[in-house]
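Working through the structure, step by step
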2 protein chains.
Amino acid sequence: MTAPLRCASLQDARVVIVGLGLMGGSLAGALRGKCGCIIGVARREDTVQAALERGLVDEATIDLHAALAQADIVVLATPVRVILRQVAEIGPLLPEGCLLMDLGSTKAQIVAEMLKLPPHVQPLGGHPMCGKETSGIEVAEPGLYQDRTFILSPLERTSPEALALGEALARAAGAAPLVVEGARQDFLVGTVSHLPYLLACALVRVADSSTSHDPLMWKIVAGGFRDTSRVAGSDVTMMLDILMTNRRQVGQALHACIGQLQRLVRLVEDGDEERLREELAYIRQTRKEMYP
Amino acid sequence: MTAPLRCASLQDARVVIVGLGLMGGSLAGALRGKCGCIIGVARREDTVQAALERGLVDEATIDLHAALAQADIVVLATPVRVILRQVAEIGPLLPEGCLLMDLGSTKAQIVAEMLKLPPHVQPLGGHPMCGKETSGIEVAEPGLYQDRTFILSPLERTSPEALALGEALARAAGAAPLVVEGARQDFLVGTVSHLPYLLACALVRVADSSTSHDPLMWKIVAGGFRDTSRVAGSDVTMMLDILMTNRRQVGQALHACIGQLQRLVRLVEDGDEERLREELAYIRQTRKEMYP
């Protein structure tokens, strides 16, 4: 038995967004005017003020418990391991039939934690595929979710109505909802998101420990370096939580990548042109098919 | 003794650009109207036609020898190993006092080949730090060089007047000339340009051999993957020539990067949060200082 939703219509729902950083602040701004009321919750009073001044929320507070009391939908927009803690803490405080969502970048552990929620709550994992290499409410913008994929990971106990409400929320933010099971999404993002981050980190490290001692380096860095290193500027707490809650998948992707680099360096050092050409041509073709 | 320039003023110079792909075609378009005459040389008649139709050149031909006969400046805009061959071939055909430049991405081997040119030629290595992951005259655009660094690698035999003419050419194309000795530039671009290319290649390969079998992957790829993999779409012949003429530096950069990735994967797999946080914070700060 699953609890019927407290409010099945997004237009009438009181939506509480916990965490007003880049992701939460942007979601609030994107949903404002499309829901009954958007209430933002932050830890710091100055974030509350900033959210109100920027018009991203209808109301804002640092009092989490008070905000939850009347919530129809709660969205946890904090780092993954804060989400894990909050899911456990706030379950008993949520009103009957409340939809509890999150925006965490890894899903398997969060969904496992959501499984333990009391039966009067409707849980739904979420992961919007957007972001920036900067963080904080200062860089929040309502257009962030526009045309991006918004992964939803329902649990077995999630009712069709709860999933539909989550999909409506994703669409209202401008995104395209996509249902993906938690473990499967973690495997995929390990390669398409966490691996590029660590490659960017390694690249910055290599440049830092060799060429960057040459003052000319900064005059010659071209677009390739800038693009490949961009995500190395991502928020550290957020990325640490992501890596720590997806260790196995990230480890696999990294080992696979190290293996590929070892193959490539061998071909370069051996001067094995024929095989290197074949390899680079195959990769170029594959990239073209990825982004036609 | 070095030969005086045949024509020391860019405005009056007949500039022959050999190779009308992305780099040569764009340079032609950027310089047209700022020189006496821009003559493009291509291997294929349809490239000649395209260059004329797109208004990138004043004249164009497939007859290299005829074009060289009256040249004040010759710019070789072909792949690195074609440049190596052309430098050796055309030296004796160039008029007295002609400036011979190139746009090759690696410089040490080209500069070594230029050293052997007959004394009546003024040689100057060049490497504009711009490009695209697409190639061919279809994608050439006169704005490509705008505000980019244009590396110039003079030889000991290059006269100050010849270097000044090369600098004037770079500026006329909208770029900022920067004098860097050949071997030093190869070391720098090994890390800031060739390494990002190979990281992009490895990333595409990993995705191709694991997650890309899941049809959902293509719905969830986010900006990080797109940006980090972008340069894997670069022209294969161009990149092969670059890698083969910079093997030692590329090998060093790759080994350093593999070492960094092995450190990172160990921290992730050991769950060594404290050191991983330190490491990621240091990298984030470094990236921020790179692009303030």
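Note that this is a predicted model, so its numbers are computed, not measured.

Right, let's get into the interface of chain B and chain A. Every contact between the two is made by 78 residues of chain B and, on the other side, 78 residues of chain A. Among the secondary structure elements, those contributing two or more residues to the side of chain B that touches chain A are strand S7 (149–154), helix H7 (182–209), helix H8 (217–220), helix H9 (223–229), helix H10 (236–244), helix H11 (247–270) and helix H12 (273–290) of chain B. Grouping the constituent residues of the side of chain B that touches chain A by class yields 49 nonpolar, 15 polar and 14 charged.

This brings us to helix H7 (residues 182–209) of chain A. All names here are of chain A. Compared with the 40 Å implied by 1.5 Å per residue over 28 residues, the 38 Å span of H7 between its first and last C-alpha is a close match. In the structure, H7 departs most strongly from a straight axis at Gly 190, where the bend amounts to approximately 45°. The buried count for H7 comes to 24 of 28 residues, which makes it a mostly enclosed element.

Attention now moves to the pairing of strand S4 (residues 73–76) of chain A. All names here are of chain A. The alternating pattern of S4 places Ile 73 and Val 75 on one face and Val 74 and Leu 76 on the opposite face, and all of these are buried. The pairing of strand S1 (residues 14–18) with S4 spans 4 bridges and is classified as parallel. Each residue of the ladder has a partner; that of Ile 17, found in S4, is Val 75. Of the pairings in the sheet, the one linking S4 to strand S5 (residues 98–102) comprises 4 bridges and is parallel in character. Each bridged residue has a counterpart across the sheet, and for Val 74 the counterpart in S5 is Leu 100. As a crossover connection, the stretch from S4 through helix H4 (residues 80–90) into S5 is right-handed.

Right, let's get into the sheet that holds strand S4 (residues 73–76) of chain B. Residue and element names in this part refer to chain B. Read from one edge of the open sheet, 8 strands run S3-S2-S1-S4-S5-S6-S7-S8, paired in mixed fashion. Of all strands in the sheet, those bounded by a partner on one side alone are strand S3 (59–61) and strand S8 (176–179). Each neighbouring strand pair of the sheet contributes to a mean axis angle of 25°, computed without reference to strand direction. With 5 bridges connecting them, strand S1 (residues 14–18) and strand S2 (residues 37–41) associate as parallel partners. Residue Ile 17 lies in a different strand from S2, and its bridge partner there is Gly 40.

All right, on to the relation of the copies chain B and chain A then. By a simple turn and slide, chain B fits onto chain A: the slide is 0.0 Å along the axis, the RMSD is 0.1 Å, and the turn is 180°. Taken together, the rotation angle and the small translation identify this as a two-fold axis. Nearest to the rotation axis, the C-alpha of Thr 228 of chain B is located 2.1 Å from it, this being the minimum over chain B. Most of the interface of chain B is mirrored in chain A, where 100% of its interface residues are also at the interface.

In this section: the sheet that holds strand S2 (residues 37–41) of chain A. Residue and element names in this part refer to chain A. A sheet is described by the order of its strands in space; here 8 strands give the open sequence S3-S2-S1-S4-S5-S6-S7-S8, paired in mixed fashion. Sheet topology places strand S3 (59–61) and strand S8 (176–179) at the edges, where each strand pairs with a single neighbour. Ignoring strand direction, the axes of neighbouring strands in this sheet form an average angle of 25°. Strand contacts of helix H1 (residues 22–31): S1, S2 and S4, with the helix running at about 160° to S1, the strand carrying the most contacts.

Cut-offs used in this document
Residues numbered from 1 in each chain as written. Chains lettered and ligands numbered in written order. Predicted model: local features only at pLDDT ≥ 70, side-chain atom pairs only at ≥ 80, totals over all residues. Contact = placed C-beta atoms within 7 Å. Helix = DSSP H or I, 4+ residues; strand = E, 2+ residues; numbered from the N terminus. Nonpolar A, V, L, I, M, F, W, Y, C, P; charged D, E, K, R; others polar. Expected span 1.5 Å × (residues − 1). Bend = angle between axes of the 7 residues up to and from the residue. Buried ≥ 20, exposed ≤ 12 C-beta atoms within 10 Å, placed from the backbone. Pairing = 2+ DSSP bridges. Right-handed = clockwise from strand over helix to strand, strands pointing away. Axes fitted to C-alpha atoms, helices over the stretch in contact; angles between N-to-C directions. Least-squares fit on C-alpha atoms with pLDDT ≥ 70 in both.

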